[in-house]
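Secondary and tertiary structure notes
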Amino acid sequence: MIEVKNLYHRYEKKGKDAVSDVSFSIEKGEIFGFLGPSGAGKTTVQNIMIGLLGLQKGEVLYDGKSIKKMKSDFYNSIGVCFEQSNLYTKLTGFENLRYYAGLFNVPTLDPMLLLESVGLKDAAHKRCGTYSKGMKQRLTFTRSLINNPGILFLDEPTGSLDPGLAKKIKEMIVGLKKEGKTIFLTTHNMYIADELCDRVAFINEGEIIASDSPRNLKLKYGNKSVKVEYKTDGKLASEIFFLEKENDLNAFNKIISGKTVQTIHSQEATLEQIFIKLTGRELV
Amino acid sequence: MRRFINLFKQDTLIIIRSGLQYAVIFISVILIVLINFVIPEKLEFKNTELFFDSTQGKIMEPFLLAAGVEKDKIFSNYDDFIKALEEDRKSIGIRIEGTSADAKFTIFSQNTESIKNVNLEEAALESVLENIRGTGKKAGYRIETLREETSPIPFNKNLIPVFLTYEVVALGFLLIAVMIFQEKTDGSIHAYRVSSSGAAIYILSKVVIFTLMAVLYGVVTTVSTVGFNIDYLNLLLLIILASIFMTLLGLLVSIFFNNLSEFLFAAFGVLIIMQLPTISYMNPTFAPGFIKWIPMYPVLFGFREALFSTGKENYLFPFLIVLIAGIGALFALCYFAVRKRLMRS
């Protein structure tokens, strides 16, 4: 279990806290989504959790043991996929994985199998300085798996990928969860979070504003809506109505009785809509 | 050990792929060519002496010829003498007047000669004059040497310790910075930080690579210029320890800068200070206390002793101990700085 308690962090020469009173916990085998727009404090929290940033105030505990007391062996048990593809550009994809594997004290996975799993087998012996952004991201993702860690920190793992490759990575993340791995997923993509995460926390301006399972958040904060497609003046129009609102209900009834309705779908509020409702801010 | 070897292999591959070895080979070849074929063994800045013998009966001419002066350097016409002086800007003129009992010399200077050369000329002329008059005195002194007499070091070979100190040993100082800034640009240092290999392995791997490069570079340059008949044990010890020292210093300085161009300003400052002992090396009478405290001072003179032994025993030993202590202190500082600055976000 990972526990983050009352975490604060302030960067040098900055007047306010980048992270303020952040608390949450992650159960073993859970995918925990950490959601927020750019600059909200997601990466700061992750960097404190993995020891890249010093702990200023608060506590980060792994099975009750503080991050401050962790020795270098701690890194045998975690894998980190950074948002920036921080690879050795002079080395090939295969060499990046092979030499990275050699830095751990535990049995590691076969680099070529990992490359194959993300469609990089053919590019294995090309210098990764020549890779596209998406290829670098896939390589960075596989590197985080090389030591077969129990805990994974994934920072925007599908950010630069086309839908097909993003789907492949999402399937792999689900597979990793099935293996019992604990996953801390940092993203501003609410659809991926909704699809993958057992629980999520919304972070905005360094503070957690809500934390629960996606379903509970929707039940708690989301209003059900209806999307109607209808014909008006010979053209197709589309509108969303929140039926809990009186104005929307009246407008909906007016269309149903007076227009030629083509399709009608009920829909749940998305996590993105909930985030906007809670913060007044979009996830960009 | 396994993790160190792994990182060492990776760093070596990155250096090879970066082509740094070609830069070292190129500079090494340049140094070898310079020492063996370009820089002369002796540096002589001697002026051509032109004589105008205006003594009665030209009594000086036989003495000058007997002293080895070429006939065409002795003029009997004043105008020809002045014309020849004006045509040859490196010449110095000597007019001799009067009689053997009362000879007078006038030195015609171009105003480009060093005062040392003019004074030497004066002293030589005075000596010639005393010989002519038969009033020359025998030297009232004798020289005894405490150690075995050593042959003078040729000028070109005397520069080898300078090259070893500021090219070979200083190699790691600059190259480790190049590597650190490449890793900073790639961000790969953060990936390393979240592996279970620590700062010590990170530092050691780079230090060992650049020290090995310095040893190869130094040995190839030395063998190609002075051969095998030197004190290679002390030479290698000095290259290894001084190179470790400079590589650690380069790492420590580079940690506090964001990119190579920012680092170079500080690096030039450090290297200029480190090069001050060259002044004492080329002019041994100038050796103020502060220069002797610069680490490269004993390194420079240590290299000379290893290459051209003057018979001083255990000359290097005390300095090697100090150098090892310095390396220990620098390593501790680097370890702390790498952990706290380089491997943090």
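Residues numbered from 1 in each chain as written. Chains lettered and ligands numbered in written order. Predicted model: local features only at pLDDT ≥ 70, side-chain atom pairs only at ≥ 80, totals over all residues.

Between chain B and chain A, the contact holds 22 residues from the first and 27 residues from the second. Taken together, the elements giving at least two residues each to the side of chain B that touches chain A come down to helix H1 (2-18) and helix H9 (188-193) of chain B. In terms of residue count, the dominant contributor to the side of chain B that touches chain A is H1(B) (8 residues). Among the residues making up the side of chain B that touches chain A, the classes are represented as 6 nonpolar, 11 polar and 5 charged. (Contact = placed C-beta atoms within 7 Å. Helix = DSSP H or I, 4+ residues; strand = E, 2+ residues; numbered from the N terminus. Nonpolar A, V, L, I, M, F, W, Y, C, P; charged D, E, K, R; others polar.)

Residue and element names in this part refer to chain B. Across the sheet, which stays open at both edges, the 4 strands sit in the order S2-S1-S3-S4 with mixed pairing between neighbours. Each edge of the sheet is formed by a strand with only one pairing partner; in this case those strands are strand S2 (74-75) and strand S4 (104-108). Helix-sheet contacts for helix H4 (residues 78-87) involve strand S1 (48-53), S2, strand S3 (91-97) and S4, and the interaxial angle to S1 is about 165°. (Pairing = 2+ DSSP bridges. Axes fitted to C-alpha atoms, helices over the stretch in contact; angles between N-to-C directions.)

Residue and element names in this part refer to chain B. Relative to each other, helix H10 (residues 199-226) and helix H11 (residues 232-255) sit at 135°, their axes nearing to 9 Å. Taken as axis vectors, H10 and H11 run oblique relative to one another. The handedness of the crossing between H10 and H11 comes out as right-handed. Note on element contacts: H11 touches H10 through Leu 235, Leu 236, Ile 239, Ile 240, Ser 243, Ile 244, Thr 247, Leu 248 and Leu 251, opposite Ile 203, Lys 206, Val 207, Phe 210, Thr 211, Ala 214, Val 215, Gly 218 and Thr 222. Among the residues forming the contact of H10 with H11, the class breakdown is 12 nonpolar, 5 polar and 1 charged. (Parallel < 35°, antiparallel > 145°, perpendicular 65-115°, else oblique. Left-handed = near helix turned anticlockwise from the far one by under 90°.)

All names here are of chain B. Mapped onto the elements of the fold, Phe 4 is located in helix H1. Residue Phe 4 is classed as partly exposed on the basis of its C-beta count, with 16 C-beta atoms lying within 10 Å. Sequence separation between Phe 4 and Gly 140 is 136 residues, and the spatial gap between their C-alpha atoms is 68 Å. The residues contacting Phe 4, other than those within four sequence positions of it, are Ile 201, Leu 204 and Ser 205. (Buried ≥ 20, exposed ≤ 12 C-beta atoms within 10 Å, placed from the backbone.)

Before going further, it helps to examine the sheet that holds strand S10 (residues 207-212) of chain A. Remark on secondary structure: sheet strands pair via backbone hydrogen bonds, oriented parallel or antiparallel. Residues and elements named next belong to chain A. Pairing within the open sheet is mixed, and its 6 strands lie in the order S6-S7-S8-S3-S9-S10. Two strands in the sheet have a free side with no partner beyond their single neighbour: strand S6 (78-81) and S10. Across this sheet, the average inter-strand angle for adjacent strands is 15°, counted without regard to direction. In the sheet, strand S9 (residues 199-204) pairs with S10 via 5 bridges, with the strands oriented antiparallel. Bridging across to S10, Ala 201 finds its partner in Ser 211.

Okay, the environment of Ile74(B) next. All names here are of chain B. Inspection of the secondary structure puts Ile 74 in strand S2. Expressed as a C-alpha distance, the spacing of Ile 74 and Ser 254, which sit 180 residues apart in the sequence, is 64 Å. Setting aside residues up to four positions removed in sequence, Ile 74 forms contacts with Phe 51, Asp 53, Glu 61, Leu 64 and Val 69.

Further remarks concern the domain arrangement of chain B. Here chain B is partitioned into domain 1 (2-40 + 157-342) and domain 2 (48-133). Computed over C-alpha atoms, the centres of domain 1 of chain B and domain 2 of chain B are 53 Å apart. (Domains from an automatic or database assignment.)

To continue, consider the pairing of strand S4 (residues 57-62) of chain A. Where a strand is regular, its side chains alternate between the two sheet faces. All names here are of chain A. Bridge count between strand S1 (residues 2-9) and S4: 5 bridges; the pairing is antiparallel. When the sheet's bridge partners are listed, Ile 2 is paired in S4 with Tyr 62. As paired strands, S4 and strand S5 (residues 65-66) are joined by 2 bridges and run antiparallel to one another. Bridged to Tyr 62 within S5 is Lys 65. What sits between the antiparallel neighbours S4 and S5 is a turn of 2 residues, in which Asp 63 has the positive phi angle 50°.

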